[in-house]
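Here is how the chains run, residue by residue.
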Amino acid sequence: RLGKLSSAPAASHDVSGEAALAAAVHERSFKGELIVFSFNFCAIPEAINAALMLRQAGFAHFMPLSDGRATCEAMRQQLARADAEAHASTPCYFASAPNSLGGWASWGGGAGCVSAEQVSPARPCAVEQLWYVRYAVAARLLRQAPRDQRPAPHCSSALFMPRTQRCTHSSCLDQR
């Protein structure tokens, strides 16, 4: 087992409620640090790579955040095939509440759209829904942190930038 994290069983967790998010932070953080990365169904390979690379580097205090339970389960199934030990200790999180706002019905893939459950390629889940979930969870995480442990505003903005805005590799540039 890496680090000194809780030995809670790995599973998929909805962190829409404050108590659920606080429990996730308690289970996954280490010395006040928590690495959060987000992914949708199309980015499952990148999420698995991130989890495995973080574990290899000795970090286990990360929180994979997806657009829904089905996407989490799809990632965990693929992770089980790649690395059974990592699968046993890598939970996945999602926040159903921000993704279920009524406004997504007129813009995007619809309220509650989960990329792993997508039934109509004509109306895919909007990646902005995932971004909104990530920003909403990040804001709630910052609110939970004691004031003296919150990052300076200029430091935190780079952490929440979409992956394609940080990446300069040609494969990332093609996705913009």
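Scroll up to find the structure.
Being a predicted model, the structure only gives us computed values, none of them experimental.

Parameters and conventions
Residues numbered from 1 in each chain as written. Predicted model: local features only at pLDDT ≥ 70, side-chain atom pairs only at ≥ 80, totals over all residues. Heavy atoms only, no water. Helix = DSSP H or I, 4+ residues; strand = E, 2+ residues; numbered from the N terminus. Buried < 20%, exposed > 50% of the residue type's maximum accessible area, 1.4 Å probe, protein only. Areas by Shrake-Rupley, 256 points an atom, 1.4 Å probe, with all protein chains shown as cover. Axes fitted to C-alpha atoms, helices over the stretch in contact; angles between N-to-C directions. Parallel < 35°, antiparallel > 145°, perpendicular 65-115°, else oblique. Left-handed = near helix turned anticlockwise from the far one by under 90°. Contact = heavy atoms within 4.5 Å. Nonpolar A, V, L, I, M, F, W, Y, C, P; charged D, E, K, R; others polar. Pairing = 2+ DSSP bridges. Polar contact = N/O pair within 3.5 Å; in protein donor to acceptor, adjacent residues only side chain to side chain. Disulfide = S-S within 2.5 Å. Core = buried A, V, L, I, M, F, W, Y, C linked by side-chain atoms within 4.5 Å.

### Here's the deal with the overall build of the chain
On a plain count of helices and strands, the chain comes out with 9 helices and 4 strands. Sorting the 176 residues of the chain into buried and exposed places 36% on the buried side. For the chain, the accessible area works out to roughly 9800 Å², and carbon and sulfur atoms hold 57% of it.

### Considering the packing of helix α2 (residues 44-56) against helix α3 (residues 69-82)
Here α2 crosses α3 at 60°, and the two axes come no closer than 10 Å. In terms of orientation, α2 and α3 fall into the oblique class. For the pair α2 and α3, the crossing hand works out as right-handed. Only Thr71, Ala74, Met75, Gln78 and Leu79 of α3 make contact with α2, whose side of the interface consists of Ile44, Ala47, Ile48 and Leu52. Residues of the contact of α2 with α3, tallied by class, amount to 7 nonpolar, 2 polar and no charged.

### Structural notes on the sheet that holds strand β3 (residues 62-66)
Read from one edge of the open sheet, 4 strands run β1-β4-β3-β2, paired in parallel fashion. Two strands lie at the open edges of the sheet, namely β1 (12-14) and β2 (35-39), each paired on one side alone. Across the sheet, the axes of successive neighbouring strands diverge by a mean angle of 30°, strand direction being ignored. Both β1 and strand β4 (residues 92-94) contribute to a ladder of 3 bridges, which runs parallel. Each residue of the ladder has a partner; that of Ser12, found in β4, is Cys92.

### Examining the packing of helix α1 (residues 18-28) against helix α6 (residues 127-144)
Packing of α1 against α6 brings their axes to within 11 Å, and their N-to-C directions diverge by 75°. One way to sum up the angle between α1 and α6 is to call them roughly perpendicular. Counting all contacts with α1, which are made through Glu18, Leu21, Ala22 and Val25, the residues of α6 involved are Val137, Arg140, Leu141, Arg143 and Gln144. Each residue belonging to the contact of α1 with α6 can be placed in one class, and the counts come to 5 nonpolar, 1 polar and 3 charged.

### Observations concerning the side chain of Arg55
Examined against the element boundaries, Arg55 turns out to sit in helix α2. For Arg55, the side chain forms a polar contact with the side chain of Ser89, separated by 2.9 Å.

### As for the state of the cysteines
One pass over the structure, following the stated rule, counts 1 disulfide. Disulfide partner of Cys72: Cys92, at an S-S distance of 2.2 Å. Every disulfide takes its handedness from the sign of the S-S torsion; for Cys72 and Cys92 that torsion is -70°, giving left-handed. Of this pair, Cys72 sits in helix α3 while Cys92 sits in strand β4, and the two are 20 residues apart along the sequence. A relative accessible area of 0% means that Cys72 is categorised as buried.

### Regarding the pairing of β3
Counting buried positions along β3 gives 5 out of 5 residues, so the element sits mostly inside the fold. The two faces of β3 match: Phe62, Pro64 and Ser66 on one face and Met63 and Leu65 on the other face are all buried. Note that β2 and β3 share 5 bridges and pair parallel. Residue pairing for β3: Ser38 is matched across the bridge by Leu65.

### A closer look at the nonpolar core
Membership of the largest hydrophobic core comes to 16 residues, with the highest contact counts inside it found for Phe39, Ile44 and Met75. At the level of secondary structure, the elements contributing two or more residues to this core comprise β2, α2, α3 and β4. Counting residues per element, this core draws most heavily on α2, at 5 residues. Those residues in contact with Ile44 that lie beyond four places of it in its chain are Phe39, Thr71, Ala74, Met75 and Gln78. With 10 residues, the next largest nonpolar core counts Leu21, Ala95, Val133 and Leu141 among its residues.

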